[in-house]
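# An overview of the molecular structure
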Protein chains: 2
Amino acid sequence: MDCNRFSVCGELAELDDLRYTPAGLARVAFRIRHSSMQTEAGMVRQVNCDIPALALGTPALQVNQLQVGQRVKAEGFLAQRSMRTSQLVLHIDNIILE
Amino acid sequence: MDCNRFSVCGELAELDDLRYTPAGLARVAFRIRHSSMQTEAGMVRQVNCDIPALALGTPALQVNQLQVGQRVKAEGFLAQRSMRTSQLVLHIDNIILE
């Protein structure tokens, strides 16, 4: 029972500096501003949301090449930001320019 | 640019009563407790998170047949709970027992 997969498109709205964990792993936090039309219960609705995201390792080096404002498609799993907060963060393993 | 798709498995951790919107649409709020192993930057890690979820219309009638503690797989899109909060909620269009 390991399914946890989120795919989202949007605009790169925030992009932190590349950092390294104590273990030497590249790490970039960023934010994807998503806007789309979705169908729910037979009705079309507008969906706008900001998705907090995190890239570790090779994906972090990819994200670090991007610019705020670019349109991307990102995929990965959702996890809680920390034990103290229920905020969900997308941990990406793939990101491409749209 | 309309991609926004989340698929998650877990245990039905909370299940509100079936209600109806002013327009007469069935509505059930619930919560999925997810636990899995995910690979990130070449390392396997444990992921535990609670996913707030919402079903409107026919999916709400499906969810209303379920019991807390059952294992489910749910799919849908993520949206903000409201204009006032950035909390993400999974709006499901499909849910099955695992």
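You'll find the structure just up there.
The paragraphs below set out a description of the structure included in this document.

The rules behind each value
- Residues numbered from 1 in each chain as written.
- Chains lettered and ligands numbered in written order.
- Predicted model: local features only at pLDDT ≥ 70, side-chain atom pairs only at ≥ 80, totals over all residues.
- Heavy atoms only, no water.
- Helix = DSSP H or I, 4+ residues; strand = E, 2+ residues; numbered from the N terminus.
- Buried < 20%, exposed > 50% of the residue type's maximum accessible area, 1.4 Å probe, protein only.
- Contact = heavy atoms within 4.5 Å.
- Areas by Shrake-Rupley, 256 points an atom, 1.4 Å probe, with all protein chains shown as cover.
- Lys, Arg positive; Asp, Glu negative; His and termini not counted.
- Charge placed at Lys NZ, Arg CZ, Asp CG, Glu CD.
- Least-squares fit on C-alpha atoms with pLDDT ≥ 70 in both.
- Pairing = 2+ DSSP bridges.
- Phe/Tyr/Trp six-rings, centres within 6.5 Å; stacked < 30°, edge-to-face > 60°.
- Disulfide = S-S within 2.5 Å.

## Re the overall build of chain A
Scanning chain A from terminus to terminus reveals one helix and six strands. When the helices and strands of chain A are placed in sequence order, the string is β-β-β-β-α-β-β. Seen along its three principal axes, the alpha-carbon backbone of chain A occupies a region of about 50 × 30 × 25 Å. Here chain A holds 98 residues, and the buried ones make up 46% of them. Within chain A, counting contacts between residues at least 6 apart in sequence, those at least 24 apart form 54% of the total. In the structure as shown, chain A presents an accessible area of about 5,100 Å², 47% of it carried by carbon and sulfur atoms. On chain A, the mean spot of the 10 positive side-chain charges and the mean spot of the 10 negative ones are 4 Å from each other.

## Quick word on the relation of the copies chain B and chain A
Note on the copies: chain B fits chain A at an RMSD of 0.0 Å, the axial shift is 0.0 Å, and the rotation between them is 180 degrees. The superposition of one copy onto the other is thereby described by a two-fold rotation axis. The C-alpha atom lying nearest the rotation axis in chain B is that of F6 of chain B; the distance is 2.1 Å.

## So, the pairing of strand β5 (residues 71-82) of chain B
All names here are of chain B. Of the strand pairs in this sheet, strand β1 (residues 4-15) and β5 are connected by six bridges, and their pairing is antiparallel. When the bridges of β5 are listed, E11 appears paired with R71. Note that β5 and strand β6 (residues 85-97) share 10 bridges and pair antiparallel. When the bridges of β6 are listed, Q80 appears paired with L88. Hairpin connection, β5 to β6: the antiparallel pair is bridged by two residues.

## Topic: the packing of aromatic side chains
Geometry of an aromatic ring pair is reported as the spacing of the ring centres plus the angle between the planes. This structure, assessed with the given rule, holds one aromatic pair over all chains. Consider the rings of F6 of chain A and F6 of chain B, whose centres lie 5.8 Å apart with planes at 85 degrees: the pair is edge-to-face. With F6 of chain A in strand β1 (residues 4-15) and F6 of chain B in strand β1, this residue pair bridges two chains. Given a relative accessible area of 0%, F6 of chain B falls into the buried group.

## Regarding the state of the cysteines
Scanning the model with the defined rule gives two disulfides over all chains in all. Disulfide pairing places C3 of chain A opposite C9 of chain B at an S-S distance of 1.9 Å. For the disulfide bridge between C3 of chain A and C9 of chain B, the dihedral angle about the S-S bond is near 110 degrees, and by the sign convention the bridge is right-handed. On the criterion of chain membership, the pair formed by C3 of chain A in the segment before β1 and C9 of chain B in strand β1 is interchain, its members lying in two chains. Of the two residues, C3 of chain A and C9 of chain B, both sit in the buried class. The thiol sulfur of C49 of chain A is not disulfide-bonded, and the nearest other cysteine sulfur, from C3 of chain B, lies at 11 Å.

Distances and angles like these do not, on their own, reveal function.
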